[in-house]
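Observations on the three-dimensional arrangement
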Amino acid sequence: MPSFSNEPGKMYVLDLLHPKPTPVELQIKGELDLSSFNPHGISVYTDEADDSIYLFVVNHPQRKSQVEIFRFVWDDTLVHLKTVTHPLLH
């Protein structure tokens, strides 16, 4: 798998239905320290009530474990909503 950036704080979207898929960097808005944002596990949830799309992203800033919750906006933007932490989350 090719790497598109070695910089922290980046997320990309990829249209797999496009004949030549090209990663597009998502803009991240909200209260999130992008310098320590190190995403590695992602889950997607679509709210059937209004078709909102949410991303749950595992993050390990400063060797801690937490989950960042984002809402995906169709102009290639992620809006950071919340950080979830707990002592049992590893």
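Structure: above.
No experiment lies behind these values; they were computed from the predicted model shown.

Quick look at the overall build of the protein chain now. When helices and strands are tallied, the protein chain shows zero helices and seven strands. Along its sequence from the N terminus, the protein chain presents helices and strands in the succession β-β-β-β-β-β-β. Residue burial in the protein chain is summarised as follows: out of 90 residues, 28% are buried. Only carbon and sulfur atoms are counted for the fraction: they give 54% of the accessible area of the protein chain, which is about 6700 Å². Counting 7 positive and 12 negative side-chain charges, the protein chain places the averaged centre of each group 8 Å from the other.

With that settled, consider the environment of Val-58. With respect to the helices and strands, the residue Val-58 is situated in strand 5 (residues 52-59). What makes Val-58 partly exposed here is its relative accessible area of 27%. Each C-alpha atom, one on Val-58 and one on His-40, is 5.8 Å from the other, the two residues being 18 residues apart in sequence.

Reading across from one edge, 3-7-6-5-4 is the order of the five strands in this open sheet, with mixed pairing throughout. Only two strands of the sheet have a single partner each, and these edge strands are strand 3 (27-29) and strand 4 (39-47). Across the sheet, the mean angle separating the axes of adjacent strands is 30 degrees when strand polarity is ignored. By the bridge criterion, three bridges tie strand 3 to strand 7 (residues 77-84) in an arrangement that is parallel. Of the residues in strand 7, the one forming a bridge with Gln-27 is Thr-77.

So, on to the environment of Thr-22. Checked against the element boundaries, Thr-22 lands in the loop between strand 1 (12-13) and strand 2 (24-25). Under the relative-accessibility criterion, Thr-22 is labelled exposed at 53%. A C-alpha to C-alpha distance of 9.5 Å links Thr-22 and Tyr-12, two positions 10 residues apart in sequence. Excluding anything up to four places from it in sequence, Thr-22 contacts Val-13 and Leu-14. Here Lys-20 takes part through its backbone oxygen, which lies 3.2 Å from a polar atom of the side chain of Thr-22.

Further remarks concern the side chain of Ser-52. As for its placement among the helices and strands, Ser-52 is situated in strand 5. Taking relative accessible area as the criterion, Ser-52 reaches 16% and is therefore assigned buried. If we ignore the near neighbours within four places in the chain, the residues touching Ser-52 are Tyr-45, Thr-46 and Asp-47.

The rules we used
Residues numbered from 1 in each chain as written. Predicted model: local features only at pLDDT ≥ 70, side-chain atom pairs only at ≥ 80, totals over all residues. Heavy atoms only, no water. Helix = DSSP H or I, 4+ residues; strand = E, 2+ residues; numbered from the N terminus. Buried < 20%, exposed > 50% of the residue type's maximum accessible area, 1.4 Å probe, protein only. Areas by Shrake-Rupley, 256 points an atom, 1.4 Å probe, with all protein chains shown as cover. Lys, Arg positive; Asp, Glu negative; His and termini not counted. Charge placed at Lys NZ, Arg CZ, Asp CG, Glu CD. Pairing = 2+ DSSP bridges. Axes fitted to C-alpha atoms, helices over the stretch in contact; angles between N-to-C directions. Contact = heavy atoms within 4.5 Å. Polar contact = N/O pair within 3.5 Å; in protein donor to acceptor, adjacent residues only side chain to side chain.

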